[in-house]
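# A structural walkthrough
Residues per chain are reported as follows:
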Amino acid sequence: DNPDLDLTITNRDNVYVQYSVYYKNTITDNVIPHLIATGVSNGLEFNLYNANPTIAGANNWDGDLYVYYELYTINN
């Protein structure tokens, strides 16, 4: 929660997010994480996908996923 961030409907066009994704995989893991910001409601919403075109195996998502993000607002 960030009380200084105005997420009201009238201000949502002024909210910007900058994020980067890092995934530390294991030896047998073939995940390619793909993260998409999908909106704002009570907080920031993301969808997370595996962008690897091969069929998911038993060892997928065994690694460590890190998402670093910053939120900005521009008030007029």
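Everything below is about the structure shown above.
Since we're looking at a predicted model, the values are computed, not measured. (Residues numbered from 1 in each chain as written. Predicted model: local features only at pLDDT ≥ 70, side-chain atom pairs only at ≥ 80, totals over all residues. Heavy atoms only, no water.)

Our focus in this paragraph is the overall build of the chain. Each helix and strand counted, the chain has 0 helices and 4 strands in total. For the chain, the residues scored as buried account for 14% of the 76 residues in total. A separation threshold of at least 6 residues defines the contact pool for the chain, and within that pool the share at least 24 residues apart is 61%. For the chain, the computed accessible surface area is about 5900 Å², with 51% contributed by carbon and sulfur atoms. (Helix = DSSP H or I, 4+ residues; strand = E, 2+ residues; numbered from the N terminus. Buried < 20%, exposed > 50% of the residue type's maximum accessible area, 1.4 Å probe, protein only. Contact = heavy atoms within 4.5 Å. Areas by Shrake-Rupley, 256 points an atom, 1.4 Å probe, with all protein chains shown as cover.)

Looking now at the side chain of asparagine 52. Relative to the assigned elements, asparagine 52 resides in the loop between strand E3 (44-50) and strand E4 (64-73). Among the polar contacts listed, one links the side chain of asparagine 52 to the backbone oxygen of asparagine 30, at a separation of 2.5 Å. (Polar contact = N/O pair within 3.5 Å; in protein donor to acceptor, adjacent residues only side chain to side chain.)

So, on to the environment of alanine 51. Its place among the elements puts alanine 51 in the loop between E3 and E4. Residue alanine 51 is classed as partly exposed on the basis of its relative accessible area, which comes to 42%. With 19 residues separating them along the chain, alanine 51 and isoleucine 32 place their C-alpha atoms 5.1 Å apart. Non-local contacts of alanine 51, meaning those with residues more than four positions away in its chain, are made with Ile32 and His34.

We note that tryptophan 61 has phi near 65°; this positive angle belongs to a residue other than glycine. Structurally, tryptophan 61 can be placed in the loop between E3 and E4.

There is a patch of nonpolar side chains on the surface, built from Val21, Leu48, Trp61, Leu65, Val67, Tyr69 and Leu71 and spanning about 560 Å² of accessible area. Top element by residues in the nonpolar patch is E4. It accounts for 4 residues. (Patch = residues over 30% accessible without salt bridge, like charges linked within 9 Å, V, L, I, M, F, W, Y side chains within 5 Å. Salt bridge = Lys/Arg side-chain N within 4 Å of Asp/Glu carboxyl O.)

Quick look at the side chain of aspartate 29 now. Mapped onto the elements of the fold, aspartate 29 is located in the loop between strand E1 (15-24) and strand E2 (33-40). Comment: no salt bridge for buried aspartate 29; closest opposite-charge side chain is lysine 24, at 11 Å. A distance of 3.4 Å separates a polar side-chain atom of aspartate 29 from the backbone nitrogen of glycine 63. Beyond its immediate stretch of four places on either side in the chain, aspartate 29 contacts Tyr23, Asn59, Asn60, Trp61, Asp62 and Gly63. (Lys, Arg positive; Asp, Glu negative; His and termini not counted.)

On to the packing of aromatic side chains. Enumeration according to the criterion identifies 4 aromatic pairs in this entry. Pairing tyrosine 66 with tyrosine 68 gives two aromatic rings, centres 6.4 Å apart and planes at 10°, and the pair type is stacked. By relative accessible area, tyrosine 66 is classed as partly exposed at 35%. (Phe/Tyr/Trp six-rings, centres within 6.5 Å; stacked < 30°, edge-to-face > 60°.)

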